[in-house]
Amino acid sequence: MLGVQLKHILPPDFDPNARINGTQLSNNEDYGVAVSLIEKCDKGQSCCVQIIGDPGNGRTTLAQAICTSLIDNNYCSVQQLLFTKVQPGSNENSMWNFFGELAKDKQEKETASVLSLTSTKILKKLEALVQLLQIHFKVVCLDDVDCDSFFLFKLLSSALLRASCKVIITSSEDVKNHGFSAWEMFHSVHFNGFTDTQQIHQSITLSSLLHHSLLSRAIQILSGNPVAIKVFDSFVNTFSLSVEQVEEQINNLESNLQLNNQQPHNTVQLVLMLISNWLDQSDFIILLQLSQLRQPLPVTDFTQSLSKLEHLSLLDIKQGVQTNDKIAYFVTMQNCIQRHFQDEFRKDKGNKVFCCKENEQFDVLQTWLSLLSKELQVLVIDAEENAWPFVPEKW
């Protein structure tokens, strides 16, 4: 089974404000220590910096800020940096396929063949991977290594150690708790998001007019998590809540936090659970549908629900290319938000999406179909009416 492909993020596609936002977060001292540790590490010495924090706390932002500094300081070039996001559903086959494609991009045809073929023995693949990393990459960043319970990191760690790559990883848990302790130089950054209202206003554009004391209280309850705070602020603004209503919702957050005090809490999840009670059934179904996407969804027409969900900061909608007389936009979700609704989809087993008729105004498949030519749309409908038992010859 191929599984979900790892996501390769090139430095030009980093958050343009990664360095600024990264150093404004509470651990800016660790930011400098992490950069210095990697730069001072000897060529043949193994080195790993792990960034630990709740989803939405800015782990990826800090990792990209560190990578940006290493490039700016001429420690490595853009081509010598590999920034990869591990995605839920990734597996061993998708990992080897990813590195096979990477080898092709580097004109390493023989290595690409060894890595891509399922018949190749694992030891030979590891040797080929070590060679690929040694020749082409100085710094490797693995984002969200815990999303598959460290499965891929376990497979990759021996190759990374042997290649003497300088490694940056982000996760919600300490990798040392999972048996990874072979690195010669190791530094942990326990990332706690924002610490005061000034940092919040510097890094997040708040749209609602929250009373200062209420904002400070919300920051404290949400552990300074920038995504959680932004979503909560958007919720207050979208539904035009009064000061009394805001206070009531903050009390609800605090109560839910106390109820879950015995187990690790995710503040983004805490806010999303609160907001879900205010969403229409159709809005909730759209979020469940979009959580299953592996790539951004192109749309040419906005529905009222999509605009509402964008205003709630639950969706990101960016302008893409212009085709004929229409402009294509791309709909995405932040990882921590997507994972929450993926969990909701699994709990519900997809029943709401597949059985409820309230989502007729929006359907992911119909959105994709609308981008196809009329001829292709007819072929898809034809195959669908035949319950997809075969691909028609005219395709």
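Residues numbered from 1 in each chain as written. Predicted model: local features only at pLDDT ≥ 70, side-chain atom pairs only at ≥ 80, totals over all residues. Heavy atoms only, no water.

(A) Quick look at the overall build of the chain. Within the chain one finds 18 helices and 9 strands. Residue burial in the chain is summarised as follows: out of 395 residues, 50% are buried. Taking contacts inside the chain between residues at least 6 apart in sequence as the whole, the part at least 24 apart equals 74%. Accessible area of the chain: about 20,000 Å², with a carbon and sulfur share of 48%. (Helix = DSSP H or I, 4+ residues; strand = E, 2+ residues; numbered from the N terminus. Buried < 20%, exposed > 50% of the residue type's maximum accessible area, 1.4 Å probe, protein only. Contact = heavy atoms within 4.5 Å. Areas by Shrake-Rupley, 256 points an atom, 1.4 Å probe, with all protein chains shown as cover.)

(B) Here's a closer look at the side chain of S234. Here S234 lies in helix 10 (residues 226-238). Exposure remark for S234: the relative accessible area of 3% places this residue in the buried category. If we ignore the near neighbours within four places in the chain, the residues touching S234 are H311, L312 and S313.

(C) Molecular detail of the nonpolar core. Among the nonpolar cores identified, the biggest contains 45 residues, and F232, L290 and I337 are the most heavily contacted of them. Those elements that place two or more of their residues in this core are helix 9 (212-221), helix 10, helix 11 (243-259), helix 12 (267-276), helix 13 (281-290), strand 7 (297-299), helix 14 (304-311) and helix 15 (335-348). Looking at this core element by element, the count peaks at 7 residues for helix 10. Beyond its immediate chain neighbours, meaning those up to four positions away, I337 contacts V227, V231, V268, L272, S313 and L314. Within the second largest apolar cluster, 37 residues are counted, among which are L6, L102, F150 and V175. (Core = buried A, V, L, I, M, F, W, Y, C linked by side-chain atoms within 4.5 Å.)

(D) Fine view of the packing of aromatic side chains. Applying the stated criterion across every chain, the model contains 7 aromatic pairs. Ring centres of F284 and F341 lie 6.0 Å apart, and the angle between their planes is 70°; on these two criteria the pair is classed as edge-to-face. Residue F284 is located in helix 13, and its partner F341 is located in helix 15; the two are separated by 57 residues in the primary sequence. Take F341: its relative accessible area is 1%, and that puts it in the buried class. (Phe/Tyr/Trp six-rings, centres within 6.5 Å; stacked < 30°, edge-to-face > 60°.)

(E) The arrangement of the sheet that holds strand 4 (residues 139-143) in detail. Spatial strand order, 1-3-4-5-2-6: 6 strands in an open sheet with mixed pairing. For this open sheet the edge positions go to strand 1 (7-8) and strand 6 (185-190), each flanked by a neighbour on one side alone. (Pairing = 2+ DSSP bridges.)

(F) Highlighting unusual backbone geometry. One non-glycine residue, N74, adopts positive backbone phi at about 60°. In this fold, N74 is placed in the loop between helix 3 (59-72) and strand 3 (81-85). We classify N74 as exposed; its relative accessible area is 69%. We note that D144 has phi near 60°; this positive angle belongs to a residue other than glycine. By secondary structure assignment, the location of D144 is in the loop between strand 4 and helix 7 (151-162).

(G) Region of interest: the pattern of salt bridges. Within this structure, the stated rule accounts for 10 salt bridges. A salt bridge links K347 to E344; its shortest N-O distance comes to 3.5 Å. Linking K347 with E344, this pair stays in helix 15, spanning 3 residues, or about one helical turn. (Salt bridge = Lys/Arg side-chain N within 4 Å of Asp/Glu carboxyl O.)

(H) Main features of the side chain of K85. Following the sequence through the fold, K85 ends up in strand 3. Exposure remark for K85: the relative accessible area of 9% places this residue in the buried category. At 3.5 Å, the side chain of K85 forms a polar contact with the side chain of D144. (Polar contact = N/O pair within 3.5 Å; in protein donor to acceptor, adjacent residues only side chain to side chain.)

(I) Structural context of the confidence of the model for the chain. With 77% of its residues at a pLDDT of 70 or more, the chain shows a mean pLDDT of 81. Taken element by element, the predicted model of the chain shows its lowest mean pLDDT in helix 16 (residues 351-355) (55) and its highest in strand 3 (95). (pLDDT = per-residue confidence, 0-100.)

(J) Structural detail: the environment of A163. With respect to the helices and strands, A163 occurs in the loop between helix 7 and strand 5 (166-171). For the pair formed by A163 and Q45, sequence separation is 118 residues and the distance between their alpha carbons is 9.4 Å. Once residues within four sequence positions are removed from consideration, A163 is found in contact with V130, L133 and Q134.

(K) Inspection of the state of the cysteines at higher detail. For the coordinates displayed, the defined rule picks out 0 disulfides. Cysteine C48 shares no disulfide, and the gap to the nearest cysteine sulfur, in C47, comes to 7.2 Å. With no disulfide of its own, C76 lies 7.4 Å from the sulfur of C67, the closest cysteine sulfur. (Disulfide = S-S within 2.5 Å.)

(L) Quick peek at the environment of E29. If you trace the backbone, E29 turns up in helix 2 (residues 28-40). By relative accessible area, E29 is classed as exposed at 65%. Linking E29 and V189, residues 160 residues apart in sequence, is a C-alpha distance of 9.7 Å.

(M) Main features of the packing of helix 4 (residues 92-105) against helix 6 (residues 122-136). Here helix 4 crosses helix 6 at 40°, and the two axes come no closer than 11 Å. With respect to their mutual orientation, helix 4 and helix 6 come out oblique. The two elements helix 4 and helix 6 meet at a crossing, and its hand is left-handed. Contact with helix 4, carried on its side by E92, W96, F99 and A103, involves I122, K125, L126, L129 and L132 of helix 6 and no other residues of that element. Of the residues assigned to the contact of helix 4 with helix 6, the class counts are 7 nonpolar, no polar and 2 charged. (Axes fitted to C-alpha atoms, helices over the stretch in contact; angles between N-to-C directions. Parallel < 35°, antiparallel > 145°, perpendicular 65-115°, else oblique. Left-handed = near helix turned anticlockwise from the far one by under 90°. Nonpolar A, V, L, I, M, F, W, Y, C, P; charged D, E, K, R; others polar.)

(N) Just the pairing of strand 4, in detail. Extensive coverage of strand 4 is indicated by the burial of 5 of its 5 residues. Looking at chain direction, strand 3 and strand 4 are connected through 5 bridges and run parallel. Each residue of the ladder has a partner; that of T84, found in strand 4, is L142. Here strand 4 runs beside strand 5; their pairing, made up of 4 bridges, is parallel. Among the inter-strand pairings, V139 is bridged to a residue of strand 5, identified as K166. Assessed by its sense of winding, the connection that carries the chain from strand 4 through helix 7 to strand 5 is right-handed. (Right-handed = clockwise from strand over helix to strand, strands pointing away.)

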